[in-house]
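Residue-level listing of the chains:
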Amino acid sequence: MANDQAPIIARLSVADTTGTAPDLLSAANGLSKTAVKEAMTKGAVWLKRPGSKERRIRKAGFALLAGDHLALYYDPAILALIPEQPIQLARERHYSVWYKPAGLLSQGSRYGDHCSLLRHAEKLKEIGGAARLVHRLDREARGLVLLAHGRQAAAALSRMFQTRAIDKRYRAEIHGILGPVGEVVTCDAPLDGKTARTLVTVRDIHEDRETSRVDIRLETGRYHQIRRHLSLLGHPLVGDRRYGAGNDGIGLQLVACSLAFICPFIGRQRRYVLDDDGSAVGLRR
């Protein structure tokens, strides 16, 4: 089936439990059973059972009950994506640290999760279903992401992110010259009616291409805060198609390069830092 086919959304209630989810969904929308099975394995089929939360189902032979509600979110363009794989850089008992490449989602969407860091971790035997996402990194950005192992670990780490007990640092290339090397510029323009504060330190200046490399620290965590604040300063990120001046012909130049915190489980300082060039190979603890 061609990948330029329009997305399909199919919903149905289960009355006859003699059929499988691929049987029912195929009959409802005209897709082949093979196509539906592939969509299931990639996380595009959802089940809502009365009294339970909606969840993905992946196995073609999943036992259905009368009254179940099935939903298929089928987009062949998404299902055909093969993004670069993430790299597990450190695995502790209660969490793991990952390098997420550009183009990979932090978590899946209704249309599937095979292109997500979370799903990649879930498929590892040593982590499996214990994987929990406690913060996100834009699909276009790359760098460090922390995954919790289990509900208790996720609750503890989520609280730390909420209270800014985890120090996150970023590196970016921006258009223009924000100031001399070493200058710190603060943007505290509210975003979405909420306070927001971003500290930007000029690291290098590339006069030949009229850009600067900067280090960034967030004191709040608003939606697309770095990208929006740099755009408001008149120095959007290179490669930012959404908040920039246009298409630079390259990907978003934003790297989550450092995570530092006091481990809530052992009480020791932990710091994970990428190499200066943002390389995943050179993680320093």
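Residues numbered from 1 in each chain as written. Predicted model: local features only at pLDDT ≥ 70, side-chain atom pairs only at ≥ 80, totals over all residues. Heavy atoms only, no water.

Asks: Summarise helix α6 (residues 225–232); cite the residues concerned and give the values.
Replies: Of all 8 residues in α6, 6 are buried; the element is thus mostly enclosed. Buried within α6 we find Gln 225, Ile 226, Arg 227, Arg 228, His 229 and Leu 230. Against the buried residues of α6 lie β9 (167–175), β10 (184–187), β11 (198–206), β12 (211–218) and β13 (254–262). Of the residues trailing α6, Gly 234 is marked for its positive phi of about 85 degrees. (Buried < 20%, exposed > 50% of the residue type's maximum accessible area, 1.4 Å probe, protein only. Helix = DSSP H or I, 4+ residues; strand = E, 2+ residues; numbered from the N terminus. Contact = heavy atoms within 4.5 Å.)

Asks: I'd like a rundown of the pattern of salt bridges, residues and numbers included.
Replies: Considering all chains together, one arrives at 19 salt bridges under this definition. As a salt-bridge pair, Arg 227 and Asp 138 come within 3.0 Å of each other at their nearest N and O atoms. Within this pair, whereas Arg 227 is found in helix α6, its partner Asp 138 is found in the loop between β7 (131–133) and β8 (142–149), the two being separated by 89 residues in sequence. We note a salt bridge from Arg 227 to Glu 140, for which the minimum N-O separation is 3.5 Å. Of this pair, Arg 227 sits in helix α6 while Glu 140 sits in the loop between β7 and β8; the two residues are 87 residues apart in sequence, bridging distant segments of the chain. Look at Glu 140 and you get partly exposed, because its relative accessible area is 30%. Through salt bridges that share partners, Asp 138, Glu 140, Arg 227 and Asp 240 make up one connected network. (Salt bridge = Lys/Arg side-chain N within 4 Å of Asp/Glu carboxyl O.)

Asks: So what about the confidence of the model for the protein chain? Which residues, and what values?
Replies: On average, residues of the protein chain carry a pLDDT of 93, and 96% of them reach 70 or more. Within the protein chain, the element-level pLDDT minimum falls on helix α1 (residues 21–29), averaging 94, and the maximum on strand β2 (residues 45–48), averaging 98. (pLDDT = per-residue confidence, 0-100.)

Asks: Give me the lowdown on helix α2 (residues 33–41), citing residues and values where you can.
Replies: When we look at burial in α2, the residues that qualify are Ala 35, Val 36, Ala 39 and Met 40. One face of α2 carries all of its buried residues, which in axial projection span an arc of 140 degrees. Looking at the buried residues of α2, the elements they touch are α1, β2, β4 (69–74) and α3 (76–79). (Arc of directions from axis to C-beta.)

Asks: Describe the packing of aromatic side chains, listing the residues and the values that go with them.
Replies: Throughout the structure, instances matching the rule amount to 4 aromatic pairs. Between Tyr 95 and Tyr 272, the ring centres sit 6.4 Å apart and the planes meet at 85 degrees, which makes this aromatic pair edge-to-face. With Tyr 95 in strand β6 (residues 95–100) and Tyr 272 in strand β14 (residues 269–273), this pair connects stretches of sequence that are 177 residues apart. Among the residues examined, Tyr 272 registers a relative accessible area of 0% and is labelled buried. (Phe/Tyr/Trp six-rings, centres within 6.5 Å; stacked < 30°, edge-to-face > 60°.)

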